[in-house]
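# A closer look at the structure
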Amino acid sequence: MVGQVNNFAHGHSGVRLAVIEQLLALLEAGCTPIMPTQGSVGYLSHTAHIGLALIGEGQVRLGGDVLPAPEALRRCGRVRPLAVDLASAKALLTAEEP
């Protein structure tokens, strides 16, 4: 997630500022998306699961508990599921510029 923030912060990915702010909020809250341990196709699987957490899907680890993303986001307080536009969705999944 830190790598995504660093990549997106350069301003060339097409990602909205809200996406970067959401990633930072998740990091600050200690809310970490659960990543699959098998069947990965490299970084794409990991970035996709981070994207799922941003939109309130999938599972995340928060305070040692594994929770559905919507519940974890509620517990984080100011973090709410994010609606992503097409350019942001593509960048979250592929880490490429639009």
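Residues numbered from 1 in each chain as written. Predicted model: local features only at pLDDT ≥ 70, side-chain atom pairs only at ≥ 80, totals over all residues. Heavy atoms only, no water.

### Quick look at the pairing of strand β2 (residues 59–62)
Keep this limit in mind: With a 1.4 Å probe rolled over the protein chains alone, any residue whose accessible area is under 20% of its type maximum counts as buried; one over 50% counts as exposed, and the rest are partly exposed. Put simply, DSSP H or I for four residues or longer makes a helix, DSSP E for two residues or longer makes a strand, and each gets a number counted from the N terminus. For two strands to count as paired, DSSP must find a minimum of two bridges between them.
What you see with β2 is a clean split: Val60 and Leu62 sit on the buried side and Gln59 and Arg61 on the side with no burial. By the bridge criterion, three bridges tie strand β1 (residues 31–33) to β2 in an arrangement that is antiparallel. Across the sheet, the residue bridging to Pro33 is Val60, located in β2. In textbook terms, the turn of a hairpin is the stretch between consecutive antiparallel strands, and for β2 and strand β3 (residues 65–68) this stretch comprises two residues, one of which, Gly63, has a positive phi near 60°.

### Brief notes about the nonpolar core
Where we set the bar: To define a nonpolar core, start from buried Ala, Val, Leu, Ile, Met, Phe, Trp, Tyr and Cys residues and group those joined through side-chain atoms within 4.5 Å. Residue contacts are counted whenever heavy atoms from the two residues lie within 4.5 Å of one another.
Formed by 24 residues in total, the largest nonpolar core has its most connected members in Phe8, Val19, Leu23, Leu26 and Cys31. Counting residues per element, the ones that place at least two in this core are α1 (2–8), α2 (17–29), α3 (43–54), β2, α4 (69–75) and α5 (86–94). Counting residues per element, this core draws most heavily on α2, which supplies five residues. With residues up to four places along the chain from it excluded, the contact list for Val19 reads Leu54, Leu82, Val84, Ser88 and Leu92.

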